[in-house]
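Residues per chain, in single letters:
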Amino acid sequence: MSTQVGFIGLGIMGAGMARNLLAKGNDVVVWNRTASRAEALVEAGASPAVSPADVARRCPVVMICVSDTPDVDAVLHGEDGLLAGVSDGSLIVDHSTISPEATVGFSEEVSALGGRWIDAPVSGGSEGAERGTLSIMVGGEEADVERARPYMEAFGTTVTHVGPVGSGQKVKIVNQILVVVNQLAVSEALLFAQAAGLDLAATLDAVGGGAAGSWMLANRGPQMIDRDWRPGFTIDLQQKDLRLALAAADAAGTPIPGTALVFQMYRALQNEGLGGEGNHALVKALEKMSGVEVGG
Ligand code: NAP
């Protein structure tokens, strides 16, 4: 398959996803707000665009992966924004994690121009983007999802159509509730193991294959033991997802106390200037309470 596909947003996630599209033989047109961040992709064979509108004019299918709701808004409505290039048959695939409500509004705007929108937030971390093993939760019309599926399968091993437009973002909120409460469990467990004088690596080996095993424990546990706080996913972006989760749960009238607790702990870390660290640095908030440090 060799087809023209656009990719907007070449951050930690987008760069890996676009690279996998290239590796599968697609003709990839890229745009990133900070142009220098697109250079490595262009060297690898992607074609640079001058604006989001340029991407949409050149590509019938355009993928977006930027930070937050206002950033998708800026890509669509900014100077020479995506909407200026959308026409009949355009399909916009939004891989950013953003508000479900705003998603429906963006979809309606694109539809009014003759285009289509699906929301397709991802999970699996920077490792998943790089290896092409992401899980993708997709909201939209069946025909649009099937049209985008071959492209999404270039970087996703699990592509699940979960409902109409906006449903992908809601399922991503479910995903993030699971992620952060598990992150809290991993943090508490490793802190206890440290305080109890256990060998942390042996402890991970012992519990990782049983009922306590998880992606977070397997991927971030060793990083926490090494005190390697480089981000696969930053605290700032994680906090953005929890803000979306708390707002959606509030609208649904559902208490999510564990998630709310983690939100407050991340807020404390942001106040200390740690928002750029990886989300596994959550353990630092507990270290303050206990006077013990994990690993090192
Ligand atoms: P990142 O490394 O911080 O990259 C963010 C990207 O968005 C950059 O390309 C940035 O451009 C672009 N951007 C931000 N604001 C923009 C604006 N106003 N206009 C145009 N472009 C803008 O973030 P990431 O980790 O790749 O995350 C991207 C999305 O994937 C987020 O919604 C995140 O929640 C989601 N996600 C991330 C992970 C993960 O593990 N990292 C996992 C699942 C989902 P510049 O280069 O110019 O700043």
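All values derive from a computational prediction rather than experimental measurement. (Residues numbered from 1 in each chain as written. Predicted model: local features only at pLDDT ≥ 70, side-chain atom pairs only at ≥ 80, totals over all residues. Heavy atoms only, no water.)

J.: What should I look at first to understand the pairing of strand β8 (residues 134-139) in this one?
T.: One face of the sheet, then the other: side chains in a regular strand alternate in exactly this way. Of all six residues that make up β8, five are buried, and the element is covered over most of its length. Relative to β8, strand β7 (residues 122-123) runs antiparallel, the two sharing two bridges. Note on β8: the bridge partner recorded for S123 is S135. Of the strand pairs in this sheet, β8 and strand β9 (residues 156-163) are connected by six bridges, and their pairing is parallel. Bridged to M137 within β9 is T160. Traced from β8 through helix α7 (residues 142-152) to β9, the parallel crossover comes out right-handed. (Buried < 20%, exposed > 50% of the residue type's maximum accessible area, 1.4 Å probe, protein only. Helix = DSSP H or I, 4+ residues; strand = E, 2+ residues; numbered from the N terminus. Pairing = 2+ DSSP bridges. Right-handed = clockwise from strand over helix to strand, strands pointing away.)

J.: For this particular structure, what's the right way to read the side chain of S51?
T.: Here S51 lies in the loop between β3 (47-48) and α3 (52-58). What makes S51 buried here is its relative accessible area of 5%. One polar contact links S51 to D80, side chain to side chain, over a distance of 2.9 Å. Once residues lying within four places of it in the same chain are set aside, the contact partners of S51 are W31 and D80. (Polar contact = N/O pair within 3.5 Å; in protein donor to acceptor, adjacent residues only side chain to side chain. Contact = heavy atoms within 4.5 Å.)

J.: Can you help me understand the pairing of strand β5 (residues 91-94) in this one?
T.: Burial of the side chains of β5 extends over both faces: L91 and V93 are buried on one face and I92 and D94 on the other. Across four bridges, strand β4 (residues 61-64) lies against β5 in parallel orientation. Considered in β5, the bridge of I64 is made with D94. Each parallel crossover has a hand, and for β4 linked through helix α4 (residues 69-77) to β5 it is right-handed. Relative to strand β6 (residues 116-119), β5 runs parallel, the two being bridged by four bridges. Its bridge partner being in β6, V93 is matched across the sheet by I118. Between β5 and its parallel partner β6, the chain crosses via helix α5 (residues 100-112), and the hand of that crossover is right-handed.

J.: What's the story with unusual backbone geometry in this structure? I'm lost.
T.: One can expect most non-glycine residues to show negative phi and most peptide bonds to be in trans. A positive phi angle is found at D80, which is not glycine, with a value near 50°. Note that D80 resides in the loop between α4 and β5. Phi at R227 is positive, roughly 50°, even though this residue is not glycine. Looking at the element boundaries, R227 is found in the loop between α10 (215-225) and α11 (235-252).

J.: Got a minute to help me understand α7 in this structure?
T.: What sets the pattern is the α-helix's 3.6 residues per turn: residues three or four places apart point alike. Looking at α7, one finds that the buried residues are D144, V145, A148, R149, Y151 and M152. Each buried residue of α7 lies within a common arc of 160° when the element is viewed along its axis, so the set occupies one face. (Arc of directions from axis to C-beta.)

J.: Explain the site of the ligand to me, please; I cannot follow it from the model alone.
T.: As a matter of local geometry, the ligand sits amid 26 residues, with N32, T34, S67, G232 and K240 nearest to it. In the environment of the ligand, a nitrogen atom lies 2.7 Å from a nitrogen or oxygen atom belonging to the backbone of G232. Contact with the protein chains hides 89% of the accessible area of the ligand, taken as 900 Å² for the molecule alone. Placement of the ligand is best described as lying within the largest pocket. Sorting the residues of the shell around the ligand by element identifies α1 (12-23), α4, α6 (125-131) and α11 as the ones contributing at least two each. In terms of residue class, the shell around the ligand is built from ten nonpolar, ten polar and six charged. (Near = heavy atom within 4 Å. Areas by Shrake-Rupley, 256 points an atom, 1.4 Å probe, with all protein chains shown as cover. 1 Å grid on protein atoms, 1.4 Å probe; cavity = no way out; pocket = protein on both sides within 12 Å on 5 of 7 lines; lining within 4 Å. Sits in = over half its atoms within 2 Å of the grid points. Nonpolar A, V, L, I, M, F, W, Y, C, P; charged D, E, K, R; others polar.)

J.: Explain the domain arrangement of the protein chain to me, please; I cannot follow it from the model alone.
T.: In many analyses, interface size is given as the accessible surface area lost on bringing the parts together. For the protein chain, the assigned domains read domain 1 (4-164) and domain 2 (170-290). The straight-line distance from the C-alpha centre of domain 1 to that of domain 2 is 28 Å. Tallying the contact residues gives 17 residues for domain 1 and 15 residues for domain 2. Summed over both sides, the interface of domain 1 with domain 2 buries roughly 1200 Å², with 61% coming from carbon and sulfur. Seen at the junction of domain 1 and domain 2, the total is two salt bridges. In this structure, R220 and E127 form a salt bridge, with 2.7 Å as the shortest nitrogen-oxygen distance. (Domains from an automatic or database assignment. Buried area = accessible area lost by both parts, 1.4 Å probe. Salt bridge = Lys/Arg side-chain N within 4 Å of Asp/Glu carboxyl O.)

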